[in-house]
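Below are the chains, spelled out letter by letter.
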Amino acid sequence: MRRSTTTNSLALIQKLKSWTDFQKVAQQVQLLEKEVFTSSAWSDDVWKGLFENRNLLFISVTRDDSHTGFAVCSLIDHEAELLRIVVKSNRRKQGFGKALLSAASDELRSQQVNKLYLEVREDNISACAFYEACGFEKVGLRKKYYKDPVCDAVQMKLTITG
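Below you will find a few notes about this structure. Everything numeric in this text was worked out from a predicted model, so none of it was measured. (Residues numbered from 1 in each chain as written. Predicted model: local features only at pLDDT ≥ 70, side-chain atom pairs only at ≥ 80, totals over all residues. Heavy atoms only, no water.)

1. Brief notes about the layout of surface pockets
One number sums up the size of the largest pocket: a volume of about 1200 Å³. Listed by contribution, the elements that provide at least two residues to the lining of the largest pocket are β5 (79-87), α4 (96-110), β6 (115-121), α5 (125-133) and β7 (137-146). It is β5 that provides the largest number of residues to the lining of the largest pocket, a total of seven residues. A per-class count over the lining of the largest pocket returns 19 nonpolar, eight polar and 11 charged. (1 Å grid on protein atoms, 1.4 Å probe; cavity = no way out; pocket = protein on both sides within 12 Å on 5 of 7 lines; lining within 4 Å. Points joined across faces, edges and corners; volume = space filled by probe spheres on them. Helix = DSSP H or I, 4+ residues; strand = E, 2+ residues; numbered from the N terminus. Nonpolar A, V, L, I, M, F, W, Y, C, P; charged D, E, K, R; others polar.)

Here it is, written out as structure tokens:
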């Protein structure tokens, strides 16, 4: 664990590496995820499978003893995919998303990962703008990738240097 400065105060950044560690915070994380991804929140089985079957990086940010956000990355060789990044709706635009991406990038760099990929709904304008502001570049488009409603997925990449 380490402390990371956000725009408003200090927040605790925590890395979890195992299903056992995740279970200690699962309820708070899953409630937060359901707030953001209402119909597509991951079940316990999905979370467990991610921890058991992938080289997974889970980073959460906590403020005032409450989970404010988290990021989940899957690592393969020298590349990673950002599977989820979530920040409580009342904590957005306060630096927590950038703190999560910064902590994830630092950890990925320490593991010799040099590229971070993601997919985002094309109609999620604020998320696309956030990723671009964080240095991601558009590298592709997947037609009709998302359902409910149908939407294209923008594929993006961040080159991790240093």
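Here the narrative resumes.
2. Considerations on the pattern of salt bridges
For the structure shown, the criterion picks out seven salt bridges. As a salt-bridge pair, Glu52 and Lys48 come within 4.0 Å of each other at their nearest N and O atoms. Here the residue Glu52 and the residue Lys48 both occupy positions in helix α3 (residues 44-53), the gap between them amounting to four residues, near one helical turn. Of the charged contacts in the structure, one is a salt bridge between Arg109 and Asp106, with a shortest N-O distance of 3.0 Å. Here the residue Arg109 and the residue Asp106 both occupy positions in helix α4, the gap between them amounting to three residues, near one helical turn. Among the residues examined, Asp106 registers a relative accessible area of 32% and is labelled partly exposed. (Salt bridge = Lys/Arg side-chain N within 4 Å of Asp/Glu carboxyl O. Buried < 20%, exposed > 50% of the residue type's maximum accessible area, 1.4 Å probe, protein only.)

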